[in-house]
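A closer look at the structure
The residues making up each chain are set out below.
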Amino acid sequence: MGSPFPPSSCKGQALRLFVFGQSETMRRAIRNAKALGPVDVIDVRENPAAAEADRILATPTLIRADEMPARIVGDLRDLAAVRLHLGPPYDADLTGDASESPHS
Amino acid sequence: MGFNQVSTGVPGLDAILAGGYLEASPTLVMGQPGCGKTLFLLQFLADGASRGIRSVCATCTEAPERLDDYMRALGHPVDQWTADGLFSIIDLRPVPGEVINGTMDQSVVKVRLDAALSANGGAPADGRLAIDELNRLAYAFDPLGVARDQTLSLLRELRDSGITTLISSADTQAARDSLVDYAVDAVIELCQTVEKRLMTRTLRVTKMRGVAHGTNEYPFMIDESGPSLMPVTNLEGHHRSRSGMVGTGHDRLDALLGGGLYRGGSLMITGTSGCGKSTLCGQLSAGLCAAGLSLVYTTYEQDQGELLHDFAGVGIDLRPCLTNGKLRIERARSVDCGLEEHLIRLARMVEKDHPDALIIDAVTSMTDLGDPITVKSMLLRLVDICKSRGVLIIMVELLSDSQDSVSQIGMSSLLDTWIRLELHRQAGEYVRLIRVLKSRGANASQQIKEFNITSQGVVIGDPYAGGGSFVFGTEKLVREQAERQEFDQKRRRLERLKQELEVLPNTFSARNAQTNIERDKTLDALRAEIEDLEQAMDAAGRDARVVSEARGGT
């Protein structure tokens, strides 16, 4: 996104999830994100520089940081829509993962 | 009342806010797009950075590079400040293509701001923060619902943390509803209107907790060094800084004025078209510069070349004054910008260059730009500023012919000296006249004098006063000639009479001598005759006696 600094917390995973503390919303987002595959979870309070680098305006925010970038804000409760938005390879088994949607 | 305030970095604004923005509180600057909100933010931050305070700009619309460019354009060493850790920009613009899925929270914004403010190791509250177009942040995700609460809670957190914050927001009803009443302690509204095709910008403080701020609409302008307001002078006075008189370099004029003009005083020259106002200004310029004063001549009517040419035609040569730097001629066109901007420009020039004298030819050009009340109040403030800075201000007011010589601006109370030039009509010609309506604290002449524009500059002459009336111009010459003829006649007759007086006694004495001679002659003749007769009679008597005796007596 034209950012001059590389995210300091980047461990190299394609998916990066920014959270704020350990609220129910954040835990739900982490659970949903992990269902998609390996993900770096970054708490903005511990690493504001990373939030700055990726221009995070809200939490949770899921970032796909490979050659097919995408950003999704929210607790990812509609995982099917999340997969659809992220595109391949995350949209591969859409029907099977519908049950991963959160139960309030 | 327990509120500390911090300087705004905008010339003139601190005074209106009775000190500056509220420390440790959010202040909102509202206004339509393009009215200068961002510049107020940047000046606030630049003021902070220049004082060594960590200053952070959060942008929700403009690209950070653009803001850096603005800072450079305003003349701020933004790259140096950035390198020194005194200035940084936080990019709060929404990322394009971001989608929403589920609930979220914007507390991360405060985390980012805190991190930026404390980047030097200080507390966030030690820095200065500006958030440009905060309303964009609120609507990044949800135009109606959650976002507003998020914005409000951000503002609440900023206040709780004691961060001095300046926020801008576009002037929408939503911003008004959601921000003004609840979340901020001070609100400044910027407004721009186009009237008579000229843009006017005004500023109003609509809310400021605990501070006795100015409540009017204050005009402001934006130029290459950012926004600025008309400086407000200390109304409590000591601004009467007239300090001695300076001669105008024109003896008759000085005599008329009772000595000259006050340094740091104010002079108004009023008159109808063609009565010599500019020429008088030229004469004064030459004289004041020769007396060593520095002077700025602001003209709305002619450019420098025309003005110099016209003055040269009446024997006033201002080129030496320009060469030695005592005089500067500023050409302004009244249609270039609004009234406020003109006056703010003048006021800022006075503050910056601090000339000894300022000529405005003519202030009437400004009355085209605003209603008389506005013009008057703006002029009053300009005069006030000049006085407080010890600058002699010379204003020219053009009276329209239909005005019957009544001043439209009418600010006598602020004037130290008031010169009225008039065209006097008589017997087929107009004659220029000058009189001093007012000259504070000086023994000014109360007489009306002739104001002649000659090839050697201004010549002030006495009118013909005689036969119970005053006459000027050609009529004066005719009267004077007639009087001269009459006088000559009388003088000649007087000489004649004097001669006669000298001659007459002699004439009479000559005549007396003649008479005496004749009288003596006559008397002598009479005496001779009497003597002859007596002798004859005596002789006759003697003869008779001799005859009688000879006859033997009786």
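Structure shown above.
Now for a quick tour of the structure. (Residues numbered from 1 in each chain as written. Chains lettered and ligands numbered in written order. Predicted model: local features only at pLDDT ≥ 70, side-chain atom pairs only at ≥ 80, totals over all residues. Heavy atoms only, no water.)

**Section: the packing of helix α13 (residues 339-353) of chain B against helix α15 (residues 372-388) of chain B**
Between two packed helices, what matters for the description is the angle formed by their axes and the separation of those axes. Residue and element names in this part refer to chain B. Relative orientation of the contacting elements α13 and α15 amounts to 5°, with a least axis distance of 10 Å. As far as their axial angle goes, α15 and α13 are roughly parallel. For the pair α13 and α15, the contacting residues are L339, E340, L343, L346, A347, V350 and E351 in the first and T374, V375, M378, L379, L382, I385 and C386 in the second. (Axes fitted to C-alpha atoms, helices over the stretch in contact; angles between N-to-C directions. Helix = DSSP H or I, 4+ residues; strand = E, 2+ residues; numbered from the N terminus. Parallel < 35°, antiparallel > 145°, perpendicular 65-115°, else oblique. Contact = heavy atoms within 4.5 Å.)

**Focus: the nonpolar core**
In terms of nonpolar packing, the biggest core is built from 52 residues, with L62 and L86 of chain A together with I131 of chain B touching the most fellow members. Residue contributions to this core peak at six residues, all from helix α5 (residues 107-117) of chain B. Residues within four places of L62 of chain A in sequence aside, it is in contact with L15, R16, L17, A33, L36, V39, A70, R71, I72, L76, V82 and L86 of chain A. (Core = buried A, V, L, I, M, F, W, Y, C linked by side-chain atoms within 4.5 Å. Buried < 20%, exposed > 50% of the residue type's maximum accessible area, 1.4 Å probe, protein only.)

**Structural notes on the side chain of K110 of chain B**
As for its position among the elements, K110 of chain B is in helix α5. With residues up to four places along the chain from it excluded, the contact list for K110 of chain B reads L154, E157, L158, S161 and I163 of chain B.

**Quick notes on the interface of chain A and chain B**
Interfaces are often sized by the amount of accessible area the parts lose when they come together. Of the residues lining the interface, 27 residues belong to chain A; the matching set on chain B comes to 24 residues. Taken over both partners, the interface formed by chain A and chain B buries close to 2,100 Å², and the fraction arising from carbon and sulfur atoms is 60%. Viewed at the interface, chain B and chain A are joined by three salt bridges. The partner of D91 of chain B in a salt bridge is R55 of chain A, and the shortest N-O contact between them spans 3.3 Å. The interface formed by chain A and chain B includes 15 residue pairs in polar contact (both at pLDDT 80 or more). Broken down by secondary-structure element, the contributors of at least two residues to the side of chain A that touches chain B are α1 (24-34), α2 (48-53), β4 (70-73) and α3 (79-86) of chain A. A class-by-class count of the residues in the side of chain A that touches chain B yields 14 nonpolar, five polar and eight charged. Bridge analysis of β4 of chain A against strand β6 (residues 99-100) of chain B gives two bridges, and the strand direction is parallel. Bridge pairing links I72 of chain A to V99 of chain B in β6 of chain B. (Buried area = accessible area lost by both parts, 1.4 Å probe. Salt bridge = Lys/Arg side-chain N within 4 Å of Asp/Glu carboxyl O. Polar contact = N/O pair within 3.5 Å; in protein donor to acceptor, adjacent residues only side chain to side chain. Nonpolar A, V, L, I, M, F, W, Y, C, P; charged D, E, K, R; others polar. Pairing = 2+ DSSP bridges.)

**A short note on the side chain of T298 of chain B**
If you trace the backbone, T298 of chain B turns up in strand β16 (residues 295-299). Sequence-distant contacts of T298 of chain B, that is, excluding residues within four places in its chain, are made with E330, L346, L358, I359, I360 and D361 of chain B.

**Looking at the sheet that holds β4 of chain A**
Taking strand neighbours across the sheet as the criterion, the five strands line up as β2(A)-β1(A)-β3(A)-β4(A)-β6(B) in an open arrangement whose pairing is mixed. Strands at the two margins of the open sheet, each flanked by one partner only, are β2 (39-43) of chain A together with β6 of chain B. Sitting on the sheet, α1 of chain A is in contact with β1 (15-19), β2 and β3 (61-64) of chain A, with an inclination near 175° to β1 of chain A. Relative to β4 of chain A, α3 of chain A is tilted by about 160°, and along the sheet it contacts β1, β3 and β4 of chain A together with β6 of chain B.

**Comments concerning the pairing of strand β8 (residues 164-170) of chain B**
Residue and element names in this part refer to chain B. By the criterion of burial, β8 is predominantly enclosed, with seven of the seven residues buried. As judged from the six bridges shared by strand β3 (residues 26-31) and β8, these two strands associate in the parallel manner. Bridged to M30 within β8 is S169.

**Thoughts on the packing of aromatic side chains**
Applying the stated criterion to the full structure yields three aromatic pairs over all chains. Taken together, a centroid distance of 5.3 Å and an interplanar angle of 85° make the contact between F40 of chain B and F220 of chain B edge-to-face. Taken as a pair, F40 of chain B in helix α2 (residues 37-50) and F220 of chain B in strand β11 (residues 217-223) lie far apart in primary sequence, 180 residues in all. Its guanidinium or amino end placed over the ring of F20 of chain A, R45 of chain A lies 4.8 Å from that ring's centre, counting from NZ or CZ. Directly above the ring of F508 of chain B sits R511 of chain B, whose terminal nitrogen or CZ lies 5.0 Å from the centroid. (Phe/Tyr/Trp six-rings, centres within 6.5 Å; stacked < 30°, edge-to-face > 60°. Lys NZ or Arg CZ within 6 Å of the ring centre and 35° of its normal.)

**Some thoughts on empty space enclosed by the protein**
To find leftover empty space, one rolls a probe the size of a water molecule over the atoms. All names here are of chain B. Under the definition given, this model contains two cavities of 30 Å³ or more. The calculated volume of the second largest cavity comes to roughly 50 Å³. Looking at the lining of the second largest cavity, the elements that each hand over two or more residues are β10 (198-208), β11 and α13. Broken down by element, the residue count for the lining of the second largest cavity peaks at three residues, all from β10. Residues that form the lining of the second largest cavity fall into these classes: three nonpolar, two polar and three charged. The two domains that each donate at least three residues to the lining of the second largest cavity are domain 1 (5-229) and domain 2 (245-463). (1 Å grid on protein atoms, 1.4 Å probe; cavity = no way out; pocket = protein on both sides within 12 Å on 5 of 7 lines; lining within 4 Å. Points joined across faces, edges and corners; volume = space filled by probe spheres on them. Domains from an automatic or database assignment.)

**Considering unusual backbone geometry**
Of note, the bond from T59 of chain A into P60 of chain A is cis; its omega dihedral lies within 30 degrees of zero at -5°. For P60 of chain A, the location among the structural elements is in the loop between α2 and β3. With an omega dihedral of 5°, the bond running from D361 of chain B to A362 of chain B counts as a cis peptide bond. Counting through the fold element by element, A362 of chain B comes out in the loop between β18 (357-361) and α14 (364-367). Residues other than glycine seldom take positive phi values, yet R55 of chain A does so here, at roughly 50°. Along the polypeptide, R55 of chain A turns up in the loop between α2 and β3. Taking the relative accessible area as the measure of exposure, R55 of chain A reaches 10% and is therefore buried.

**Looking at the packing of α2 of chain B against helix α3 (residues 64-73) of chain B**
Residues and elements named next belong to chain B. Contact pair α2 / α3: the axes reach a minimum separation of 11 Å and the direction vectors enclose 70°. By the angle between their axes, α2 is roughly perpendicular relative to α3. Every residue of α3 that contacts α2 at T38, L42 and A46 is listed here: L67, Y70 and M71. The residue makeup of the contact of α2 with α3, split by class, is five nonpolar, one polar and no charged.

**Points about the environment of L382 of chain B**
Residue and element names in this part refer to chain B. Looking at the element boundaries, L382 is found in helix α15. L382 sits 39 residues away from L343 along the chain, and the two C-alpha atoms are 6.9 Å apart. When neighbours within four sequence positions are excluded, L382 is seen to be in contact with M230, L343, L346, A347, I360 and I393.

**Some details on a negative patch on the surface**
Together, E529, E531, D532, E534 and D538 of chain B give the surface a local cluster of negative charge. Summarising the element assignment, E531 of chain B is placed in helix α16 (residues 473-550). (Patch = residues over 30% accessible without salt bridge, like charges linked within 9 Å, V, L, I, M, F, W, Y side chains within 5 Å. Areas by Shrake-Rupley, 256 points an atom, 1.4 Å probe, with all protein chains shown as cover. Lys, Arg positive; Asp, Glu negative; His and termini not counted. Charge placed at Lys NZ, Arg CZ, Asp CG, Glu CD.)

Bear in mind that shape data such as this cannot, by itself, settle questions of function.
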